[in-house]
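Structural characterization, general
Letter by letter, the chains look like this.
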Amino acid sequence: MKRVHLVSINLKWDSNGRLSHKLATRLQLNDYQRDDAVAASVPMLISSQLGTLVPHHALVLCTRSLALLERSEHIIEPINSALKKVRIDLWKAAGVFHTFHPKSRFLANNNSVEEGVRQFLNNYVGYVPRVVSGNFPKRVRDTLLTSIRVYLDIVLSEAQATSIDSAKGNWNIQKAMLEFSAVLYDDLWSSHELPEEKFAPLLVETKSLYLEVRRRLGIES
């Protein structure tokens, strides 16, 4: 099926890691559609990148994201200079999906770029709810928590089946999270809103699962 480009989200940051973005599209999007694109990019991007990052970096991102979800605590991080800028593209084919385009400096090493991506993702999670309106911040919150829970479930299942090196990527985890991310917009985004009485218990369960994953991988708190 032919894919159609919907919108590009171009991101840059200052020396302290404070983000700014611009949208580029050939479509006539209203304000709601623009906010929808930016807001939905958070769970889609985070879910795919949790699978792509090595578990060590992914769990650091989980730590910061869970603190944001639980206490509205968000610390903006300076972004490793190995990462220059980022573009997120949203596409429409059978469903809506995204592609991620980090641009790194010439000859930058992989560890520095991956750290920069993790720092960018941390900052993006806190940035987007401040720049979208209406009910979008809550939808970001709910789908972000669900995405983290899905990731931790997958990691724990993989850790129970085989040995995981927290400093190395894992193809099974990456594949599962990419598949989840690919259907997130159509299957989850538009309809997934957690009542407050369900959000708090899910957050507690997810934090418990997070601690269990760290223990399984031998990562000290």
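Preceding block: the structure.
Report on the accompanying structure. Remember, predicted model here, so these are calculated numbers, not experimental data.

Quick look at the overall build of the protein chain now. Counting its secondary structure elements, the protein chain contains six helices and four strands. Shown N-terminal to C-terminal, the secondary structure of the protein chain runs as helices and strands in the order β-β-α-α-β-β-α-α-α-α. Taken against the 2.2 N^0.38 rule, which gives 17 Å for 221 residues, the C-alpha radius of gyration of the protein chain at 17 Å falls within 12% of a compact globule. Along the first, second and third principal axes, the C-alpha set of the protein chain runs to 50 × 50 × 40 Å. Across the 221 residues in the protein chain, those meeting the buried criterion constitute 49%. The contacts in the protein chain between residues at least 6 apart in sequence include a share of 75% that link residues at least 24 apart. Carbon and sulfur atoms form 50% of the exposed surface of the protein chain, whose accessible area is close to 11200 Å². Within the protein chain, one finds 28 positive and 23 negative side-chain charges whose respective centroids are separated by 8 Å.

Grouped together as the largest cluster of nonpolar side chains are 64 residues, with contacts concentrated most on I88, F120, Y124, Y151 and L152. Counting only elements with at least two residues in this core, the list comes to strand 1 (4-13), helix 1 (31-52), helix 2 (55-71), strand 3 (83-92), helix 3 (110-131), helix 4 (136-161), helix 5 (171-189) and helix 6 (196-217). A total of ten residues in this core trace back to one element, the largest contributor, which is helix 4. Those residues within four positions of I88 in sequence are excluded, and the remaining contacts are V7, S8, I9, L11, S41, L45, H98, T99, F100 and Y124.

It is worth spelling out the packing of helix 4 against helix 5 at this point. Running from N to C, helix 4 and helix 5 point in directions that differ by 150°, and their axes come no closer than 11 Å. It follows that helix 4 is roughly antiparallel to helix 5 by the angle criterion. In the crossing of helix 4 with helix 5, the sense of the turn from one axis to the other is right-handed. Touching F136, R139, V140, T143, T146, S147, V150, Y151, I154, V155 and E158 of helix 4 are N172, I173, A176, M177, F180, L184, L188 and W189, all from helix 5.

Further remarks concern the environment of F100. Residue position: F100 is located in strand 4 (residues 96-104). F100 sits in the buried class, given a relative accessible area of 16%. Put simply, F100 and K168 are 68 residues apart on the chain and 20 Å apart in space, counted from C-alpha to C-alpha. When neighbours within four sequence positions are excluded, F100 is seen to be in contact with L45, Q49, V86, R87, I88, V117 and F120.

In the sheet, strand 1 pairs with strand 2 (residues 19-24) via six bridges, with the strands oriented antiparallel. Counterpart to K12 in the pairing with strand 2 is S20. Hairpin geometry of strand 1 and strand 2 is characterised by an intervening segment of five residues between the two adjacent antiparallel strands and by a positive phi of about 95° at G17.

Before going further, it helps to examine the packing of aromatic side chains. Taken as a whole, this structure holds five aromatic pairs when the rule is applied. Ring centres 5.8 Å apart and planes at 40° place the aromatic pair W13 and F120 in the tilted group. Residue W13 is located in strand 1, and its partner F120 is located in helix 3; the two are separated by 107 residues in the primary sequence. Accessibility expressed as a relative area gives 17% for W13, which makes it buried. With relative accessibility at 0%, the residue F120 sits in the buried group. Taken together, the ring pairs in this structure connect W13, F100, F120 and Y124 into an aromatic cluster. The ring of W91 carries the charged tip of R3 above its face, separated from the ring centre by 4.0 Å. Stacked on the ring of F199, the Lys or Arg R141 has its end atom at 3.7 Å from the ring centre.

The strand order across the open sheet built from four strands is 2-1-3-4, with neighbouring strands paired in antiparallel fashion. Among the strands making up the open sheet, the edge pair consists of strand 2 and strand 4. Between one strand axis and the next, the sheet turns through 20° on average, direction left out of account. Lying over the sheet, helix 1 contacts strand 1, strand 2, strand 3 and strand 4, oriented at roughly 75° with respect to strand 4. Packing of helix 3 onto the sheet brings it into contact with strand 1, strand 2, strand 3 and strand 4, and relative to strand 2 it is tilted by some 80°.

Rules of the game
Residues numbered from 1 in each chain as written. Predicted model: local features only at pLDDT ≥ 70, side-chain atom pairs only at ≥ 80, totals over all residues. Heavy atoms only, no water. Helix = DSSP H or I, 4+ residues; strand = E, 2+ residues; numbered from the N terminus. Rg over C-alpha atoms; globule rule 2.2 N^0.38 Å. Buried < 20%, exposed > 50% of the residue type's maximum accessible area, 1.4 Å probe, protein only. Contact = heavy atoms within 4.5 Å. Areas by Shrake-Rupley, 256 points an atom, 1.4 Å probe, with all protein chains shown as cover. Lys, Arg positive; Asp, Glu negative; His and termini not counted. Charge placed at Lys NZ, Arg CZ, Asp CG, Glu CD. Core = buried A, V, L, I, M, F, W, Y, C linked by side-chain atoms within 4.5 Å. Axes fitted to C-alpha atoms, helices over the stretch in contact; angles between N-to-C directions. Parallel < 35°, antiparallel > 145°, perpendicular 65-115°, else oblique. Left-handed = near helix turned anticlockwise from the far one by under 90°. Pairing = 2+ DSSP bridges. Phe/Tyr/Trp six-rings, centres within 6.5 Å; stacked < 30°, edge-to-face > 60°. Lys NZ or Arg CZ within 6 Å of the ring centre and 35° of its normal.

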